[in-house]
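For reference, the chains in residue letters:
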Amino acid sequence: MPKSAYDVVVIGGGGHGLATAYYLAKVHGISNVAVLEKGWIGSGNAGRNTTIIRSNYLLAGNNPFYEWSMKLWEGLEQDLNYNAMVSQRGVLNLYHSDAQRDLYARRGNAMRMHGVDAELLDAKAVQRMLPFLDFAGARFPIHGGLLQRRGGTARHDAVVWGYARAASDRGVDIVQNCEVTGFIREAGRIVGVETTRGIIRAAKIGMAVAGNTSRVAHLAGLKLPIESHVLQAFVSEAIKPFIPGVVTFGAGHFYISQSDKGGLVFGGDLDGYNSYAQRGNLPTVEDVCEGAMALMPAIGRVRVLRSWGGVMDMSMDGSPIIDRTAIAGLYLNAGWCYGGFKATPASGWCFAHLLAHDEPHAVARAYRLDRFASGHLLDERGVGAQPNLH
Amino acid sequence: MRIECPFCGERDLSEFAYLGDADFKRPEPDAPDAEVRFFEAVYVRDNPAGPHDELWYHASGCRSWLRVTRNTRTHEILAVSFPIPSGGT
């Protein structure tokens, strides 16, 4: 059973919540912490992603954050003493037109100016790397790609377990099957939560419940710039080693890598409508498979083993929020859209910093909740306040 | 997911495009609190888990805008109508 009071309560036992608790204990010496999870740890989006890690961002508000995450990934296994199967096998974003090449050159240059590795490859270099792509008469010919060699994949479940064990070893209580059903207010401040396992009080409460942020925030009377959307992912039967890194198709939306077990792990666009259902519909399945066939027809006869859906916390500009809320005592970590997995270490690091010091960490300063009202948006895709297009 | 278009009948999801929350109303630009109202209208959403009123466009059919009430937990379509009662042609 959870104790009746903690210094900090983190709502949400996914990667972000557990990483937050771990860094609170490790970096800030705050170990009187509980992580409350309504199901079991890692049962939400931490177990539903396509395991990709990268820091190939354009905007100055985003890049240093994701690069800090990449640096934490690079030292994660030593730090946690846990094999998270971090594999820097490279992330290659293909381009299919001159305009897209210019866009990727710009992004690559922005990355290099932030000290992040980026290489712009021409079609020949891509063909040497991935000879099985369709270079003969494709509708959208491959002109080249932007490669981040330090990007790659990590074992998503192991990340959850590694953070959980390391946090637990430092005295953090991880409480499963404990759903938050309400917030307790005293003198305008939130001082605790009502849960399915009783009342738990805390000086500070952090929400890390991406996917369900609007629902939990509603319990505190907050309305947020977030929509929940479903994103599907797929895994095929296991085949021999075939795809060396992560490859993304630039003419549609399709990304693929091969797990160490041999399955092809892939996905594409959001279904495009509000959903909490954790499952999607067939038009998106068709679209993803068409992307696969346009890019690498060689996998056409590989059978899909499983597909699933995760609920994405789509913020209105496609970038996350790590900030205080208008209510004292309540802190927000949300809006991860479909990029939350790669952010896990830095999200935990920066949220822990915010909870410990009441001020944002230097690399997460742009992730303010009030940026939508003030106009300081972080719209990496440049599509405006239409979450299903991010 | 299939949507019963009041003009065309029940059609597959692939014929429709999604816009979002059906209750968007353009605030009065001359109101003293217009800045706050616009922020709320453009960015803030109820995002309910359950029945949700939303706008869909029957792009590959009659090209009508539809007001659809749909359960976001189950994808069950609860009601479909034209957003403007006299519209639909």
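Residues numbered from 1 in each chain as written. Chains lettered and ligands numbered in written order. Predicted model: local features only at pLDDT ≥ 70, side-chain atom pairs only at ≥ 80, totals over all residues.

> Got a minute to help me understand the packing of helix α2 (residues 63-80) of chain A against helix α8 (residues 340-357) of chain A in this structure?
Packed helices, taken two at a time, are described by the angle their axes make and the gap between the axes. Residue and element names in this part refer to chain A. Where α2 meets α8, the axes come as close as 7 Å, and the angle between the chain directions of the two elements is 100 degrees. In terms of their interaxial angle, α2 and α8 are classed as roughly perpendicular. In this structure, α2 contributes Phe65, Tyr66, Trp68, Ser69, Leu72, Trp73 and Leu76 to the contact, and α8 contributes Lys342, Ala343, Pro345, Ala346 and Trp349. Per-class residue counts for the contact of α2 with α8 are ten nonpolar, one polar and one charged. (Axes fitted to C-alpha atoms, helices over the stretch in contact; angles between N-to-C directions. Helix = DSSP H or I, 4+ residues; strand = E, 2+ residues; numbered from the N terminus. Parallel < 35°, antiparallel > 145°, perpendicular 65-115°, else oblique. Contact = placed C-beta atoms within 7 Å. Nonpolar A, V, L, I, M, F, W, Y, C, P; charged D, E, K, R; others polar.)

> Looking at this structure, I do not really get the interface of chain A and chain B. What am I missing?
For an interface, size is often stated in terms of accessible area lost upon the parts coming together. Taken together, the contact between chain A and chain B spans 21 residues of the former and 18 residues of the latter. Elements that contribute at least two residues to the side of chain A that touches chain B include exactly α6 (213-219), β12 (226-238), β15 (263-274) and α9 (371-374) of chain A.

> Teacher, can you tell me more about the environment of Leu94 of chain A here?
Residue and element names in this part refer to chain A. In this structure, Leu94 sits in strand β4 (residues 91-95). With 25 C-beta atoms counted inside 10 Å, the residue Leu94 sits in the buried group. Sequence separation of Leu94 and Pro141 is 47 residues, and the distance between their C-alpha atoms is 9.9 Å. (Buried ≥ 20, exposed ≤ 12 C-beta atoms within 10 Å, placed from the backbone.)

> Can you help me understand the sheet that holds strand β5 (residues 65-71) of chain B in this one?
Working definition: the strands of a sheet are paired by backbone hydrogen bonds and lie parallel or antiparallel to each other. Residue and element names in this part refer to chain B. Spatially, β3-β4-β5-β6 is the arrangement adopted by the four strands of the open sheet, whose pairing is antiparallel. Two strands in the sheet have a free side with no partner beyond their single neighbour: β3 (17-21) and β6 (77-81). Direction aside, the axes of adjacent strands within the sheet are offset by 30 degrees on average. As paired strands, β5 and β6 are joined by four bridges and run antiparallel to one another. Along β6, the bridge assignment pairs Arg67 with Ser81. (Pairing = 2+ DSSP bridges.)

> Could you clarify how one ought to interpret the pairing of strand β13 (residues 246-249) of chain A in this entry?
Within a regular strand, the side chains alternate between the two sheet faces. Residues and elements named next belong to chain A. Side chains Val246 and Thr248 of β13 all project onto a buried face; the interleaved residues Val247 and Phe249 project onto the opposite face, where all are buried too. In terms of strand pairing, β4 meets β13 through three bridges, oriented parallel. In the sheet register, Asn93 faces β13, and the bridge partner there is Thr248. As paired strands, β13 and strand β14 (residues 254-258) are joined by three bridges and run antiparallel to one another. By the bridge assignment for β14, Phe249 is matched with Phe254.

> Where do I start with the nonpolar core in this structure?
The nonpolar side chains of a soluble globular protein tend to be buried, and buried together. Ranked by size, the top nonpolar core spans 117 residues in total, and within it Val9, Ile11, Leu18, Ala21, Val33, Tyr163 and Ala167 of chain A carry the most contacts. Looking at this core element by element, the count peaks at nine residues for α8 of chain A. The residues that make up this core include at least three from each of domain 1 (5-72 + 156-225 + 316-389) and domain 2 (87-150 + 227-315) of chain A. Contacts of Val33 of chain A, omitting those with residues within four sequence positions, involve Tyr6, Asp7, Val8, Val10, Ala21, Leu24, Ala25 and Val172 of chain A. Counting residues in each nonpolar core, the second largest holds six residues, with Ile3, Cys5, Leu66 and Val68 of chain B among its members. (Core = buried A, V, L, I, M, F, W, Y, C linked by C-beta atoms within 7 Å. Domains from an automatic or database assignment.)

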